[in-house]
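Here is what each chain is made of, one letter per residue.
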Amino acid sequence: MRVAYGGDADVTEADLADGWLALARSWLQQAIDAQLPEPNAIVLGTVDAEGRPATRTVLCKEMRDDGIVFYTNHTSEKGGHLAGRPVASATFPWIGIQRQVTVRGSVTRVSAEETAAYWATRPRGSQLGAWASEQSRPIASRADLERQLDEVTRRFEGGDVPVPPHWGGYLVAAETVEFWQGRNNRLHNRLRVTPRDGAVVRLQP
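Parameters and conventions
Residues numbered from 1 in each chain as written. Predicted model: local features only at pLDDT ≥ 70, side-chain atom pairs only at ≥ 80, totals over all residues. Heavy atoms only, no water. UniProt positions renumbered as here; feature names shortened; annotations may be inferred. Helix = DSSP H or I, 4+ residues; strand = E, 2+ residues; numbered from the N terminus. Pairing = 2+ DSSP bridges. Salt bridge = Lys/Arg side-chain N within 4 Å of Asp/Glu carboxyl O. Buried < 20%, exposed > 50% of the residue type's maximum accessible area, 1.4 Å probe, protein only.

A. Focus on the UniProt feature "domain: Pyridoxine 5'-phosphate oxidase dimerisation C-terminal" (unreviewed entry) in the protein chain. In the numbering adopted here, UniProt assigns the feature "domain: Pyridoxine 5'-phosphate oxidase dimerisation C-terminal" (unreviewed entry) to residues 167-205. Structurally, residues 167-205 comprises 0% helix and 62% strand, and the distance from its first C-alpha atom to its last is 38 Å.

B. Looking closely at the pairing of strand 4 (residues 87-94). Where strand 1 (residues 41-47) lies against strand 4, 3 bridges are found, and the strand directions are antiparallel. Each bridged residue has a counterpart across the sheet, and for Val 43 the counterpart in strand 4 is Thr 91. Looking at chain direction, strand 4 and strand 5 (residues 99-109) are connected through 8 bridges and run antiparallel. Across the sheet, residue Ser 89 finds its bridge partner in strand 5, namely Arg 104. Taking the residues between adjacent antiparallel strands as the criterion, strand 4 and strand 5 are bridged by 4 residues, where Gln 98 takes a positive phi near 60 degrees.

C. Main features of the pattern of salt bridges. Tallying each qualifying case throughout the model produces 14 salt bridges. A salt bridge links Asp 8 to Arg 183; its shortest N-O distance comes to 2.2 Å. One end of the pair, Asp 8, is in the segment before helix 1 (20-33); the other, Arg 183, is in the loop between strand 7 (176-181) and strand 8 (189-194), and 175 residues separate them in sequence. Looking at Arg 183, the relative accessible area reads 8%, which means it is buried. Note that Arg 192 and Glu 178 form a salt bridge whose closest N and O atoms lie 3.2 Å from each other. Residue Arg 192 is found in strand 8, and its partner Glu 178 is found in strand 7; the two are separated by 14 residues along the sequence. Through salt bridges that share partners, Asp 8, Asp 10, Arg 99 and Arg 183 make up one connected network.

Here it is as structure tokens:
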């Protein structure tokens, strides 16, 4: 189970002349053009109160100069982790194009206005699902989960679905951003950027 990487041009420090965001968006577009599944998916790492890490995949809904934004239930496991230790690492795993981008930094909630604007773009089914699921909590069966969805569907029938009070967005600050590009013989390219001062450091693979 070994794949030979390479075949395209090396990423270099010059590719970061316009900042981390321009290159990250360029790579995201390459992932979209390559028709990779869920190109905006990120592997999000958080830390619990005992210092034990946990990872899961969520969707990045905004990539901007100060970091990346995702949305979730504030009372979920990851929401609890972020309340206690508001730091995270988020990786775009674009292995299909031999690239990854990792954003690390402190985490803050986005404004209620930003959350409401994004909420309005979600399909109604997804809105109802956010109300139906007590995310990360045990449930006896799939049938019970479906019943919870039926209940909220009836509750909001004929009207708009409001933003749940326990749901919203988080910004992972781009304190460091690492660009990884697969190369032959595992001599991968790794460029780490510190956006605060624009410093770029090449790391050994």
